[in-house]
Amino acid sequence: MLDALDHALRRGAHRPAVLGTTRTGAVRTRATCGDLAGLADRYAAALHARGLERGATLGVAVRPGPRALAVLLAAHRLGLRGAVLDPGAGPDVLRARLALARPALVLADATAQAAAGWARPLAQRAGLALPGLAELGPVATVGPRLPGCAPALDTGAPTRGLPRPVDEDGDAVVVFTSGTTARPRAVVHTRSSLAAGMATVAGLVRPAPGRPVLGGTFFVLVPSLANGAPVALPARTPRVLARQLRRLAPQATYLTPPQLRAALAEDAPFTGRVWTGSAPASAGLLTRVKDAGADEAWGVYALTELFPAAAVEQADKAAFTGDGDLAGAPLPGVTATTTPAGELLLTGPAARHRYLGEDPDPWVATGDRARLDNGRIVLEGRTKDMVLRGAENIYPGLYEPALHVPGVELALLVGVPAADGDERLVAVVQPHRGADRARLRAALAGPLRRMGTARPDAVLLADVPLSGRSRKPDRAATARLAAAWLRAGGGAR
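What you see is a predicted model, and the numbers here were worked out from it, not measured in a lab. (Residues numbered from 1 in each chain as written. Predicted model: local features only at pLDDT ≥ 70, side-chain atom pairs only at ≥ 80, totals over all residues. Heavy atoms only, no water.)

## Digging into the overall build of the protein chain
Worth spelling out the cut-off: The way it works is that DSSP assigns letters per residue, a run of H or I at least four long becomes a helix, a run of E at least two long becomes a strand, and they are numbered from the N terminus. Contact between two residues is taken to exist if any of their heavy atoms lie within 4.5 Å; hydrogens are not considered. Each accessible area is a Shrake-Rupley result for a 1.4 Å probe, and residues are judged covered by the shown protein chains and nothing else. None of His or the chain ends enter the tally, which takes Lys and Arg as positive and Asp and Glu as negative. Charge placement uses NZ in Lys and CZ in Arg. For Asp and Glu, CG and CD serve respectively.
Tallying secondary structure elements over the protein chain gives 14 helices and 27 strands in all. Across its three principal axes, the protein chain shows a C-alpha extent of roughly 70 × 45 × 45 Å. Pairs at least 24 apart in sequence give 58% of the contacts found in the protein chain among residues at least 6 apart. With the model as given, the accessible surface of the protein chain reaches about 21,700 Å², and the carbon-plus-sulfur share is 51%. If you average the places of the 59 positive and of the 42 negative side-chain charges in the protein chain, the two averages end up 7 Å apart.

Listed below in structure tokens is the structure:
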């Protein structure tokens, strides 16, 4: 897929590739196809001149956009392994991750380096917390270099002396996921697994040439651009995002559930096919997206270890009446099974090759409890999220979908330790903005009764805390919120 992208960029050099937006929602071209191809060539020449050869690890701390894509194209051409570094992870975590990945060079833009000291207050407001990058190894700046940044990557090296593009399989990217500071964990994808995942995305989205796609992830950018569709990076604020959607009318859109909810709150219109993932998406949210104009609204089940794994359209999800959360049928090439304990296992061409420092394993242990219903994956909650109340094991994911009645934005079931050593089960329900709370409690009465022995001890109406770059519901923070509420008397809210 990356090879196909390179050819597509060179064939249509004058076509818009990456689009941005103004505050009014007006479309502007951030990079043409020729811009991206030329930048990738210059980055490849610069990295080659610095002695980086096939198999070397390149640290990448560059914000999503044309430069980040060009860096990854350059790394692919040279056969380098890109280690994706999250500036928001914190200095201790980042040091541990870099010690595991051991990059020969770190490429960072000025924003990522801000937390190194020259603009710490600005960096903290932006949620960035990198240590001084020079402590971690050789660093070069891509993009505009500001005072205090590492020396700029020298992009003046001749591009005609580059070696032939690597066309054999090998490690392509390292993405850090779970783990601790003492023992970080990283997913290693090969060139072939990455290509298989992007081919699956292309088959799902079916981008048509010339019509814009809205989305900012690598798995949106590459298949869309390879098929001749320009990609618009989503605006950062909900109001501007709504204007952008109105002006752009994209053929396909990929946004996280929090982005969708924020856009809907601004009365954003949707067009074409809309996809969402990285966090749970209820049938109610997908229905609201279709009501706002989308032809189709899809929830995507994906993991860093295998992207994407399954997908379900709003009509099928809304029609599902069983317990649990319908994630849909496994996508072509994906095989699903469950362990005797109920954990979902997945494998397929797009599955990660291994975890860094560990032996290869074709099966991905998802950490999700699930069952297979006529070949479809039905999620029943995270294995580690089990709540033990009395003598009963309660898996929140089995019951949370039933709490998404009209007027509910998000709903989590969390366990709160009680003084007697047991746990109290609390439903934390986030209403839609402006929802009538009395009416909402009445609507919840039926689903709560049907939960039987899993019925919660208390219901708290409050905003559900979010965390991470994808703004997933934070169960630990939600449990702390519920605990504080119970300590204060657990009065109605």
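## Comments concerning helix α9 (residues 238-248)
Under the convention used in this document: Categorising residues by exposure relies on relative accessible area from a 1.4 Å probe, with only protein chains included: less than 20% of the type maximum marks a residue as buried, more than 50% marks it as exposed, and the intermediate range marks it as partly exposed.
Inspection of α9 places Val240, Leu241, Ala242, Gln244, Leu245 and Leu248 among the buried residues, and these make up the whole buried set. The secondary structure elements touched by the buried residues of α9 are β1 (16-21), β2 (27-32), β9 (213-214), β10 (231-232), β11 (252-254) and α10 (257-265). Phi for alanine 249, located one or two positions after α9, is positive at around 45°.

## Quick notes on the sheet that holds strand β25 (residues 458-461)
Test applied: Strands pair, by our definition, only if DSSP identifies at least two bridges between them. Angles here are taken between N-to-C directions and fall from 0 to 180 degrees, while the axes themselves are lines fitted to C-alpha atoms, restricted in helices to the stretch in contact.
With mixed pairing, the three strands of this open sheet are ordered in space as β23-β24-β25. Each of the sheet's edge strands pairs with one partner strand only, and the pair in question is β23 (408-417) and β25. Direction aside, the axes of adjacent strands within the sheet are offset by 25° on average. Across nine bridges, the pairing between β23 and strand β24 (residues 423-431) is antiparallel. By the bridge assignment, leucine 413 is partnered in β24 with alanine 427. The sheet contacts of helix α13 (residues 437-450) involve β23, β24 and β25, and relative to β25 the element is tilted by about 145°.

## A closer look at the packing of aromatic side chains
To keep it simple, the criterion reads: Each aromatic pair joins two rings of Phe, Tyr and Trp (for Trp, the six-membered one) with centres within 6.5 Å, and gets the label stacked for planes under 30 degrees apart, edge-to-face for over 60, and tilted for any other angle. The criterion is that NZ of a Lys, or CZ of an Arg, lies within 6 Å of the ring centre and within 35 degrees of the ring normal, and then a charge sits over that ring.
Inspection of the entire model under this criterion finds three aromatic pairs. Taking 5.1 Å as the distance between ring centres and 20° as the angle between the ring planes, the aromatic pair formed by tryptophan 275 and tryptophan 298 counts as stacked. Highlighted residues: tryptophan 275 in strand β12 (residues 273-276) and tryptophan 298 in strand β13 (residues 296-303), separated in sequence by 23 residues. The pair formed by tryptophan 275 and tryptophan 298 is uniform in burial state, with each residue classed as buried. Counting every residue linked through ring pairs, the aromatic cluster contains Phe218, Phe219 and Phe307. If you follow arginine 185 out to its NZ or CZ, it ends over the ring of tyrosine 355, 3.6 Å from the centre. The cationic tip of arginine 369 hangs over the ring face of tyrosine 395; the distance from NZ or CZ to the ring centre is 3.8 Å.

## A look at unusual backbone geometry
Omega for the bond connecting phenylalanine 307 with proline 308 falls within 30 degrees of zero, at -15°, which places this linkage in the cis form. Assignment of secondary structure puts proline 308 in strand β14 (residues 306-313). We note that alanine 249 has phi near 45°; this positive angle belongs to a residue other than glycine. Relative to the assigned elements, alanine 249 resides in the loop between α9 and β11. Phi is positive for asparagine 374, which is not a glycine, with a value near 55°. Mapped onto the elements, asparagine 374 comes out in the loop between β19 (364-373) and β20 (376-382).

## Concerning the packing of α10 against helix α11 (residues 283-291)
Condition: Any angle between 65 and 115 degrees counts as roughly perpendicular, while under 35 counts as roughly parallel, over 145 as roughly antiparallel, and the rest as oblique. Less than a right angle of anticlockwise turn of the near helix away from the far helix marks a crossing as left-handed, whereas a clockwise turn marks it as right-handed.
As a packed pair, α10 and α11 sit with axes 11 Å apart at the nearest point and diverge in direction by 45°. With respect to α11, the axis of α10 lies oblique. As α10 packs across α11, the resulting crossing turns out to be left-handed. Taken together, the residues of α11 that come into contact with α10 (itself represented by Pro257, Leu260, Arg261 and Leu264) are Leu285, Arg288 and Val289.

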